[in-house]
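# Structural overview
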Amino acid sequence: MHRKIQIEDSSIRDTEAAFVDMVKRHEALIYKVCLAFTRQCRDEVEDLKQDILCNLWHGYKGFRKESKESTWIYKVALNTGLQFYHRNKRLPLTEELTPQMAECYMGEEEGLQLGRMYELIHRLDDDEQKLVIMYLDDLSGKEMAEVLGISEGNVRIKMYRVKEKLKKMAQYEKD
């Protein structure tokens, strides 16, 4: 009996180590989703990151690896991000995210540009937000279709419409 407990402990440690390795490989992806669905303040980014990690951990044993890790992580992170955004969008803003914090995963200029882009993204509906986030991270049409559960053709059509919508929104802001 004692030997079986050691095997189970070893299995748990292996699972935890594999999970931590997966999270480290996809840390930038998780961080970008956090920036997309928060008002880019430190507390919100950290809270959302913890929510995403908890949801990933809870689903990790059930992940059958029928899709790429990044696709599965996107699906979990995007859905968690949307829930977080809707739950917290009316709360007061606390500490703003600084460009230095964004530099950890992206350059300062890219971080500032993405900040403006995220303001526009927050005005889109949920599926449009998911699509744009994945597009910004250079996911293929096939990967986006898999995450959203739609066809690649539908992804192309929706992405075209979202780009046009964002252009109009950005133009309206300039005027």
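Okay, so let's go over this structure. (Residues numbered from 1 in each chain as written. Predicted model: local features only at pLDDT ≥ 70, side-chain atom pairs only at ≥ 80, totals over all residues. Heavy atoms only, no water.)

### So, the nonpolar core
The test is simple: Among buried residues, the Ala, Val, Leu, Ile, Met, Phe, Trp, Tyr and Cys ones that are joined through side-chain atoms within 4.5 Å form a nonpolar core. Any residue under 20% of the maximum accessible area for its type is buried, any over 50% is exposed, and the rest in between are partly exposed; the area is computed with a 1.4 Å probe on protein chains only. Helix and strand definitions follow DSSP, with helices as H or I runs of at least four residues and strands as E runs of at least two, each counted in order from the N terminus. Note on contacts: a residue pair is in contact if any heavy atoms of the two residues lie within 4.5 Å.
Ile-30, Val-33, Phe-37, Leu-56, Tyr-74 and Ile-133 are the most contacted members of the largest nonpolar core, which has 44 residues in total. For this core, the secondary structure elements donating two or more residues are α1 (2–25), α2 (27–36), α3 (42–60), α4 (69–88), α6 (108–121), α7 (126–136), α8 (141–148) and α9 (152–174). Among the elements that line this core, the one with the most residues is α4, at nine residues. Aside from chain neighbours lying at most four places away, what touches Phe-37 is Leu-48, Leu-78, Gly-81, Leu-82, Phe-84, Tyr-85, His-122, Gln-129 and Ile-133.

### Looking at the pattern of salt bridges
The cut-off we apply is this: Any Lys or Arg side-chain nitrogen found within 4 Å of a carboxyl oxygen on Asp or Glu counts as a salt bridge.
If you walk through the whole model with that rule in mind, you get seven salt bridges. In this structure, Glu-27 engages Lys-49 in a salt bridge whose closest nitrogen and oxygen atoms are separated by 4.0 Å. With Glu-27 in helix α2 and Lys-49 in helix α3, this pair connects stretches of sequence that are 22 residues apart. Of the charged contacts in the structure, one is a salt bridge between Glu-143 and Lys-68, with a shortest N-O distance of 2.3 Å. Note that Glu-143 is positioned in helix α8 and Lys-68 in the loop between α3 and α4, a separation of 75 residues in sequence. Judged by relative accessible area, which is 15%, Glu-143 ranks as buried.

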